[in-house]
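Each chain is listed here by its residues.
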Amino acid sequence: MTRKSLREQSLEATIQQMERDKARLERRVASLEEKLSSTLDGTGLRLWQLEVPTGKLTIFNYRWGRMLGYQPGELNAHFDVWRDHLHPEDRDEVLANLEDHLAGRTEVYQVVHRMLARDGSITWVADRGRVVERDANGKALRLLGTHTDISHEKDYETRLNALASTDALTGLSNRQAINGWFKRQLADDSALLFIDVDGFKQVNDALGHRAGDEVLVLLAHGLNEELHHLGVHHHLAARFGGDEFLFQLPRMTPARIEMIVRRWLARFGQPLEISTGQASIGLSIGVCFGRDATGNFATALEYADQAMYRVKRSGKHGYHLHAPHQQGEGPQGVKDESQRDRPTVRQSVLPSVGRYHRRGAFRQCPVAASRWQWPASVRAGQRHAPGGAR
């Protein structure tokens, strides 16, 4: 057996030491990657790298697909797989942002979008990246970036928006939500109903504000309950003011509106049982169809408000449907500051107002009444009834 030369022994020792150093470095790299992975996972960040020519996608700190409900190995980390899981409504925008950056038109790729999970649920992602390597011709070769699961933040944002647009007492939409109604066109067969509670001040004065709150809660629940019993579900309902409510009902006819208000008036023509006894109220309801306001919500609101006041002036607890020939002239100007918050008055003859008697019978009666017209400077809802309580 030939003995190894000193040179060969030295070379072998050097190789063995290099192998030990390599193993030690590999362990150190693995330890650093584990620490990086833990750190990034703690922040919700996912570090990724895209090799543009091949489409290979490397997820450094999170096994591909787990965020979307897949087990490790069920999905290949590839650009095509990622693209297929983009939400259909976001896909074009995301890919356009990515293409703009790869082509050098933007300094960074950055977009917030949705991805579809295995169970069909949606994951919101904040995606951000930058090209870190290009070839001699400037073509992108490698893209490095992060994405963050922001689903919890989006859920929180949704809840905050809901709270900001919901009346805390009744659970209906509030004035802030109604502001959005002004921006949408009103369909011809959509009906806007303006409801004012008759006798509400008397309830507050006699039984206290807590009793008044109970009445408003019962009213909001009862109005919606009657709609549901009649098969009306896709509607908008809001508390417009202290004792004023707005309902926007789709796909309505005058006959169907009459059926609905009959149910409402019958239900709230009876005393309400509350914790301190019984409370008697009524409803004055003004109605305007979208077609009679050229689809403009603000105009429909004005006409429904005027129709409601016709009921107020003719005995309360009833309804009135606005008709185009009743529009008359527009709001008149204000002559002095002392009258700025008061409506102007013009005499008119009302063709008919539906009144509900507590015995359950309707009658149609022509009445003469003053038509209250609000100056343009006065915003809808920020007013008081003429002469005190409604």
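Rules and cut-offs
Residues numbered from 1 in each chain as written. Predicted model: local features only at pLDDT ≥ 70, side-chain atom pairs only at ≥ 80, totals over all residues. Heavy atoms only, no water. Helix = DSSP H or I, 4+ residues; strand = E, 2+ residues; numbered from the N terminus. Expected span 1.5 Å × (residues − 1). Buried < 20%, exposed > 50% of the residue type's maximum accessible area, 1.4 Å probe, protein only. Polar contact = N/O pair within 3.5 Å; in protein donor to acceptor, adjacent residues only side chain to side chain. pLDDT = per-residue confidence, 0-100. Contact = heavy atoms within 4.5 Å. Salt bridge = Lys/Arg side-chain N within 4 Å of Asp/Glu carboxyl O.

*Asks:* Quick rundown of helix α9 (residues 297–313)? Include the residues and the values.
*Replies:* Helical periodicity: at 3.6 residues per turn, an α-helix aligns residues three or four positions apart in one direction. Under the 1.5 Å per step criterion, the end-to-end length of α9 is 24 Å for 17 residues, consistent within 8% with the ideal 24 Å. Summarising burial for α9: 13 of the 17 residues are buried, a large majority. With a side-chain oxygen positioned 3.0 Å from the backbone nitrogen of A298, the residue opening α9 is N296. Remark: G315 follows α9 within two positions and exhibits a positive phi of approximately 125 degrees.

*Asks:* Before we move on, could you go through the confidence of the model for the protein chain and cite the residues and values that matter?
*Replies:* Averaged over all residues, the pLDDT of the protein chain equals 80, while 76% of them reach at least 70. Confidence over residues 327–390 falls short of pLDDT 50; this stretch has 143 contacts with residues more than four positions distant or in other chains.

*Asks:* Describe the pattern of salt bridges, naming the residues involved and giving the relevant values.
*Replies:* Under the counting rule described, the total for this entry stands at 14 salt bridges. Note that D21 and R24 form a salt bridge whose closest N and O atoms lie 3.8 Å from each other. Separated by 3 residues within a single helix, D21 and R24 lie in helix α1 (residues 6–43), roughly one turn from each other. By relative accessible area, D21 is classed as partly exposed at 26%. Overlapping salt bridges, with partners in common, bring together E225, E226, R263 and R267 in one network.

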